[in-house]
Every structure is written in C-alpha cells, then in structure tokens.
Amino acid sequence: MSGVTLDRVTKRFGEAQVIHGVDLTIEHGEFCVFVGPSGCGKSTLLRMVAGLEETSDGTIRIGARDVTQVDPSERGVAMVFQTYALYPHMTVAENMGFGLKMTGHPKTEIDRKVAEAARILRLDSLLARKPKALSGGQRQRVAIGRAIVRGPEVFLFDEPLSNLDAELRVEMRVEIARLHKEIGATMIYVTHDQVEAMTLADKIVVLRSGRVEQVGRPLDLYRDPDNRFVAGFIGSPS
Ligand code: ADP
Ligand code: MG
C-alpha cells in the first residue's frame, strides 16, 4: 500500500517559513488535488514529497516507509512538470525509456514497459517520432509516459496542463482521469484550475499561506466551504 502521510511537515527558506506544520493523509490509490493561490506553497509541498526539497521539520511517509531522508530516486515517486523537457534527438520510445536505460534495465524490459505506457496513453503510432513532430498535447503525453514507465507508487503532477490551450487541457484532463482509473496509483496533483480540481479529485486540499485551510471531497467543499477563502476557490458563490 502506498498512501502518503505528512506529519507536521515544515519548510523554511532561510528566515522565511513557507510551509507551517502540514498534517495530511492521502489514501492509497487516491487522487488528491492541491489548490490555492500562487505562492501558497503547493509546489514546495509537492517537491518535498518528491524529495526535491528537503523538509525543515516533520515526517513524510509513503506507505509505511519513512522517506523523509530518502533519495528522490528511491522514493517510488515520479513527477510530471508544467514544462517537460524531452530530448529532441531521441524518439518518443527512447525518451520514455531513457530513465530505465540509465539505471541499467535490460532492453527487453524497457521495450515492454514503453509499449505498455504507449498503450495506456495511446501513443503506439507515435513511438518512432521525434518530439518536434508532435503536438503540445502529444509531448505532454510523452512526459506522462516517462513517469508511467518508471512504475512509481505515487505520481506527482505540478500544473501539468497549464501550458496547453483550453481545448487540449480538456482532452488531457480526460486522459489523466483515465490513467488514474487504469493504473490506480496514488496521485497528487497541483492546479489552480477549479474545473480540473472538481473533476479529477477524490480529495481536494485547499492551501493558504503554507497551511491547510480545508480538506474534503469536491462536492462537500463546493456545497459547504468553511469560509470565504475556500468558497473563492471551489465553493459556490454564497
Ligand atoms: P505555489 O506553487 O503555490 O505557487 P511555491 O511552493 O512555489 O508556491 O512557493 C511558496 C513560497 O515559497 C513562495 O513565497 C515562494 O516565493 C517561496 N519559495 C519557493 N521556492 C523557494 C526557494 N528556492 N527559495 C526561497 N523561497 C522560495
Ligand atoms: Mg507552483
């Protein structure tokens, strides 16, 4: 089982404290969305789960394992960013398999995992292409494919669709929902898009100035926000 548990997680950058003792439980297989205004600490919190930022205080567990001091590559997480650098000289298949190749996995295993990821993301017919011959949405699917190939227990997404135009965002939203349904992994997804949060989330975490303001199922937050701040993000106007 690979839920994610945050216990009094704190982050300071020098004198500035940006995350203030966050407690949070994300269940195994849950799709959890972080929302909140720019600068409230969504990315920092996600990067701490990934191990890309050290925690100043507190504990992060994945399943029963305390990963607070564990190297990012050993945490069983894969992160998808808003900007996704694909290697221009490599094909789609090579881009997706590169991580496994670098860690010495045998070619047959890499090929099998790339084929499986391509099937899930419907990239089968594009495997031999170079990134420049892909649309923006297809490139972002390759970036997600790279994460799938690594077989993580936990997927971390930091505003993965915010560089895409509105139509593609809708398409990719459906794609990500399907991905979650198909592979059932735990997912933490950062967005400032209310519709994305409402449609994708099992659970929404509203962050404000480095603190959890409210946690709940989308409809519960929508119908019954604790305060005006939460209502401003996801609640119905009241
Ligand atoms: P969000 O993703 O919600 O927009 P961030 O997590 O990026 O917010 O940032 C939270 C706060 O931490 C902001 O005030 C930001 O300026 C600060 N911050 C983020 N990264 C650093 C850093 N490397 N050094 C100093 N301050 C940082
Ligand atoms: Mg951010």
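Scroll up to find the structure.
Structure report, in brief. Predicted model only: the values in this text are computed from it and were never measured.

Residues of helix α1 (residues 42-50) that are buried include every one of Lys42, Leu45, Leu46, Met48 and Val49, and no others. Buried residues of α1, viewed axially, fall in a sector of 155°; they line one side. Trailing α1 by a residue or two, Gly51 shows a phi angle of about 90°, which is positive.

This brings us to the packing of helix α3 (residues 107-121) against helix α4 (residues 136-149). Their axes nearest at 9 Å, the elements α3 and α4 cross at an angle of 135°. In terms of axis orientation, α3 runs oblique to α4. Along this stretch, α3 crosses α4, giving a crossing that reads as right-handed. Along its contact with α3, which presents Lys113, Val114, Ala117, Ala118, Ile120 and Leu121, the element α4 presents Arg141, Ile144, Gly145, Ile148 and Val149. When its residues are assigned to classes, the contact of α3 with α4 shows eight nonpolar, one polar and two charged.

In the vicinity of ligand 1, the residues found are Phe13, Val18, Gly36, Ser38, Gly39, Cys40, Gly41, Lys42, Ser43 and Thr44. Here the shell around ligand 1 gets three residues from one element, more than from any other, and that element is α1. Each residue belonging to the shell around ligand 1 can be placed in one class, and the counts come to three nonpolar, six polar and one charged.

Quick look at the sheet that holds strand β5 (residues 65-66) now. Spatially, β2-β1-β4-β5 is the arrangement adopted by the four strands of the open sheet, whose pairing is antiparallel. The open sheet has two free edges, formed respectively by β2 (16-26) and β5, since each of these has just one partner strand.

The next subject is the environment of Ser2. Mapped onto the elements of the fold, Ser2 is located in the segment before β1 (4-13). With 19 C-beta atoms packed within 10 Å, Ser2 lands in the partly exposed category.

Time to look at α4. Compared with the 20 Å implied by 1.5 Å per residue over 14 residues, the 20 Å span of α4 between its first and last C-alpha is a close match. For α4, the buried fraction is high: ten of the 14 residues fall into the buried class. Every buried residue of α4 is listed here: Gln140, Arg141, Val142, Ala143, Ile144, Gly145, Arg146, Ala147, Ile148 and Val149. In this structure, the buried side of α4 is in contact with β6 (77-80), α2 (92-102), α3, β7 (154-158) and α5 (166-183). A positive phi of about 60° marks Gly151, the residue just after α4.

Two elements, β1 and strand β4 (residues 57-62), share five bridges in a ladder whose sense is antiparallel. If you follow Thr10 over to β4, its bridge partner there is Asp57. Pairing between β4 and β5: two bridges, direction antiparallel. Its bridge partner being in β5, Ile62 is matched across the sheet by Arg65. Once β4 ends, the chain turns through two residues before running back antiparallel as β5, passing Gly63 with a positive phi of about 60°.

Moving on: the sheet that holds strand β8 (residues 186-190). Taken together, six strands build an open sheet; the order of strands is β6-β7-β8-β3-β9-β10 and the sheet is mixed. Strands with a single pairing partner mark the edges of an open sheet, and in this sheet they are β6 and β10 (211-216). If you compare each strand with its neighbour and ignore which way they point, the axes differ by 20° on average. As paired elements, β7 and β8 share five bridges and run parallel to each other. Bridging from a neighbouring strand, Leu156 pairs with Ile188 of β8.

Calculation rules
- Residues numbered from 1 in each chain as written.
- Chains lettered and ligands numbered in written order.
- Predicted model: local features only at pLDDT ≥ 70, side-chain atom pairs only at ≥ 80, totals over all residues.
- Buried ≥ 20, exposed ≤ 12 C-beta atoms within 10 Å, placed from the backbone.
- Helix = DSSP H or I, 4+ residues; strand = E, 2+ residues; numbered from the N terminus.
- Arc of directions from axis to C-beta.
- Axes fitted to C-alpha atoms, helices over the stretch in contact; angles between N-to-C directions.
- Parallel < 35°, antiparallel > 145°, perpendicular 65-115°, else oblique.
- Left-handed = near helix turned anticlockwise from the far one by under 90°.
- Contact = placed C-beta atoms within 7 Å.
- Nonpolar A, V, L, I, M, F, W, Y, C, P; charged D, E, K, R; others polar.
- Near = placed C-beta within 6 Å.
- Pairing = 2+ DSSP bridges.
- Expected span 1.5 Å × (residues − 1).

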